[in-house]
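What follows is the residue order along each chain.
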Amino acid sequence: MRPPLVVVDADVLGRQRTGDETYVRNLLRELPPLAAEAGIRLAAVTRSPELVPDGVEAVSLHTRVQELRMAWALPRLLRRSGAALVHTQYAVPLRCPCPAVVTIHDLSFERDRAHMALKDRLVFRATVPRAARRAARILTVSERTRRDLVELYGVPAGRIAVTPNGVDPAFAPGPPGRRDYVLAVGAVQPRKNQLAALAAAQAAGLPLVVAGPVKDEGVAAELRRRGARIEGDVTQERLVELYRGAACLVQPSRYEGFGLPVLEAMACGTPVVAVDEPALLEVAGGAAVVVDEAGLADGIRRAVAERDRLAAAGLERAEVFSWSETARRTLAVYRDILRV
């Protein structure tokens, strides 16, 4: 009898999907030895099979229209492969032939509707509640999102497993740079609130560097007009350099499901200034300067003045999070559903 097959939907690989892509890439890297020990086979369905790590079977699937992919192409592939379980993000395939685990990172489209395009919001509101109802189990990356799922969708808490993100070992202290700029990391869009980061950085006498794919050209144009440097979607190596060389990271997001840049910056020994948003507080755990949006400039000044203390606190906090632990918790959910 062949071991049960778990299929991970890895369509985000290579698509500049920031946190969603980071999540899948690191899970696929950490899961293989754990799955092999548990007697579980792993496959990843993706349009970029060259990005699938060793130990995971790469299954190529190209569908131009996402709705057709989830309604027809992916269910057909799952039936033909004999999948025992599928793991997706935000949406569950229609007429899914096997149990599904769905990761819902956040409900920003419900909590912060003004800062998402209408089309995207309608898609999320049509697919995510259905996925929450149909999935055998829901994974979230924070207690904040777990609470939102219970409050907004009435999901029983027992159906939700919190599997916090980890931090890649590449994010570590290194040779210090000039520390003469403030860094903001995340997709350029209104929800990430980089314009507030820019105003605060300039008030504190420092330029702003933004790393992340441009999702809103209007916001990007305004950032450039006011003097920010936008690096766009950068390699991991470049991102590490930017963290190490920054005076501090500023995270002024209006809504987050986790706040991965906070964790990455702390792992690099870089002070963090964050607004008092629940998911950011959950990640920072007291190791960041926390202010309201109006106090960001003062937060930057404090981060610069207290760099050594904040760097030490951040490094200690970052050690709590690892992708290996994320994978271990995820596999425990697979095993519970598969009864293996």
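Look up: the structure comes first, before these words.
Quantities reported herein were computed from a predicted structural model and do not represent experimental measurements. Residue numbers here run from 1 along each chain, matching the order of that chain's written sequence. For a predicted model such as this one, the threshold for reporting local features is a pLDDT of at least 70, and the threshold for listing and counting side-chain atom pairs is 80 or more; totals across whole chains, interfaces and linings nevertheless cover every residue. Side-chain numbers here rest on the full set of heavy atoms in the structure, without hydrogens or water.

1. Notes on the overall build of the chain
Here is step 1 of the chain: Numbered from the N terminus, helices here are DSSP runs of H or I no shorter than four residues, and strands are runs of E no shorter than two. Broken down by element type, the chain carries 13 helices and 13 strands.
Here is step 2 of the chain: Here the radius of gyration uses the C-alpha set of atoms, whereas the globule reference equals 2.2 Å times the residue count to the power 0.38. Here the C-alpha atoms of the chain give a radius of gyration of 20 Å, agreeing with the 20 Å that 2.2 N^0.38 yields for 340 residues.
Here is step 3 of the chain: C-alpha atoms of the chain, sized along the principal axes, occupy 65 × 40 × 35 Å.
Here is step 4 of the chain: Each residue is placed in one exposure class: buried if its accessible area under a 1.4 Å probe, protein chains only, is under 20% of its type's maximum, exposed if it is over 50%, and partly exposed if it falls in between. Within the span of the chain, comprising 340 residues, buried residues form 55% of the whole.
Here is step 5 of the chain: Sequence separation of 24 or more characterises 63% of the internal contacts of the chain that already satisfy a separation of 6 or more.
Here is step 6 of the chain: Calculation of accessible area relied on Shrake-Rupley with a 1.4 Å probe; when residues are assessed, cover is drawn exclusively from the protein chains displayed. Per element, the accessible surface of the chain, about 14,700 Å² overall, is 51% carbon and sulfur.
Here is step 7 of the chain: When charges are counted, Lys and Arg contribute as positive and Asp and Glu as negative, whereas His and the chain ends are disregarded. By convention, the point assigned to a charge is CZ for Arg, NZ for Lys, CD for Glu and CG for Asp. Of the side chains in the chain, 47 bear a positive and 40 a negative charge, and the two mean positions are spaced by 6 Å. We call two residues contacting when some pair of their heavy atoms lies within 4.5 Å.

2. What about the side chain of Ser108?
Here is step 1 of the chain: Positionally, Ser108 belongs in helix α3 (residues 108-111).
Here is step 2 of the chain: A 3.5 Å cut-off defines polar contacts: any pair of N or O atoms within that distance qualifies, except that in protein one atom must be a possible hydrogen donor and the other a possible acceptor, and neighbouring residues in sequence count only when both atoms are side-chain atoms. Side-chain polar atoms of Ser108 contact the side chain of Asp106, separated by 2.8 Å.
Here is step 3 of the chain: In this structure, Ser108 is in contact with Arg113, Met116, Arg191 and Tyr255, ignoring residues within four places of it in sequence.

3. Remarks on unusual backbone geometry
Here is step 1 of the chain: Backbone geometry at Arg179 places phi at a positive 55 degrees, although glycine is not the residue there.
Here is step 2 of the chain: Within the element layout of this structure, Arg179 appears in the loop between β7 (160-162) and β8 (182-185).
Here is step 3 of the chain: You can call Arg179 partly exposed: its relative accessible area is 36%.
Here is step 4 of the chain: Even without glycine at this site, Asn193 takes up a positive phi of about 65 degrees.
Here is step 5 of the chain: Looking at the secondary structure, you find Asn193 in the loop between β8 and α6 (194-203).
Here is step 6 of the chain: Of the residues examined, Asn193 reaches a relative accessible area of 5% and is grouped as buried.

4. Observations regarding the sheet that holds β7
Here is step 1 of the chain: Pairing between strands requires that DSSP locate at least two bridges from one strand to the other. The parallel open sheet is built from seven strands, whose spatial order is β3-β2-β1-β4-β5-β6-β7. The sheet is open, and its two edges are formed by β3 (57-60) and β7, each paired on a single side. In this sheet, adjacent strand axes meet at a mean angle of 25 degrees when their direction is disregarded.
Here is step 2 of the chain: As paired strands, strand β5 (residues 100-103) and strand β6 (residues 137-140) are joined by three bridges and run parallel to one another. Its bridge partner being in β6, Val101 is matched across the sheet by Arg137.
Here is step 3 of the chain: Fitting a line to C-alpha atoms yields each axis, with helices limited to the stretch in contact; the angle taken between N-to-C directions then spans 0 to 180 degrees. Contacts from helix α2 (residues 66-81) reach β1 (5-9), β2 (41-46), β3 and β4 (85-89), with the element oriented near 155 degrees to β1.
Here is step 4 of the chain: This element, helix α5 (residues 143-153), spans β6 and β7 of the sheet and lies at about 165 degrees to β7.

5. Points about the packing of helix α11 (residues 296-305) against helix α12 (residues 307-318)
Here is step 1 of the chain: Closest axis-to-axis distance for the α11/α12 pair is 5 Å, and the angle between their directions is 90 degrees. For the element pair α11 / α12, the angle class is roughly perpendicular. Side by side, α11 and α12 meet where Arg302, Ala303, Val304 and Ala305 of the first sit next to Arg307, Arg309 and Leu310 of the second.
Here is step 2 of the chain: Each residue is assigned to one class: nonpolar for Ala, Val, Leu, Ile, Met, Phe, Trp, Tyr, Cys and Pro, charged for Asp, Glu, Lys and Arg, and polar for all the others, Gly among them. Classifying every residue of the contact of α11 with α12 by side-chain character gives four nonpolar, no polar and three charged. Any angle that is under 35 degrees is reported as roughly parallel, and any over 145 degrees as roughly antiparallel; angles of 65 to 115 degrees are reported as roughly perpendicular and all others as oblique.

6. Topic: the sheet that holds strand β9 (residues 208-211)
Here is step 1 of the chain: The sheet built from six strands is open, its strands ordered β10-β9-β8-β11-β12-β13 with parallel pairing. Each end of this open sheet is capped by a strand with a single partner; those strands are β10 (229-232) and β13 (289-291). When the angles between neighbouring strand axes are averaged without regard to direction, this sheet yields 25 degrees.
Here is step 2 of the chain: Across four bridges, β8 lies against β9 in parallel orientation. Across the sheet, Ala184 pairs through a bridge with Val210, a residue of β9.
Here is step 3 of the chain: Here α6 sits on the sheet and contacts β8, β9 and β11 (248-251); the angle it forms with β9, its principal contact strand, is near 155 degrees.

7. Points about the side chain of Thr270
Here is step 1 of the chain: You can see Thr270 is positioned in the loop between α9 (260-267) and β12 (272-275).
Here is step 2 of the chain: The exposure class of Thr270 is buried, given its relative accessible area of 2%.
Here is step 3 of the chain: Within the local environment of Thr270, its side chain forms a polar contact with the backbone oxygen of Tyr243, the two atoms lying 2.6 Å apart.
Here is step 4 of the chain: Thr270 has contacts with Tyr243, Arg244, Ala246, Cys248, Leu249, Ala265 and Arg307, leaving out every residue within four places of it along the chain.

8. Focus on the packing of α9 against α12
Here is step 1 of the chain: Between α9 and α12, whose axes approach to 7 Å, the crossing angle comes to 115 degrees. The hand of the α9/α12 crossing is left-handed. For the pair α9 and α12, the contacting residues are Leu263, Met266 and Ala267 in the first and Gly314, Leu315, Arg317 and Ala318 in the second.
Here is step 2 of the chain: Its residues assigned to classes, the contact of α9 with α12 shows five nonpolar, one polar and one charged. Here a crossing is taken to be left-handed if its near helix is turned anticlockwise relative to the far helix by less than a right angle, and right-handed if that turn runs clockwise.

All we've got here are geometric facts, nothing functional implied.
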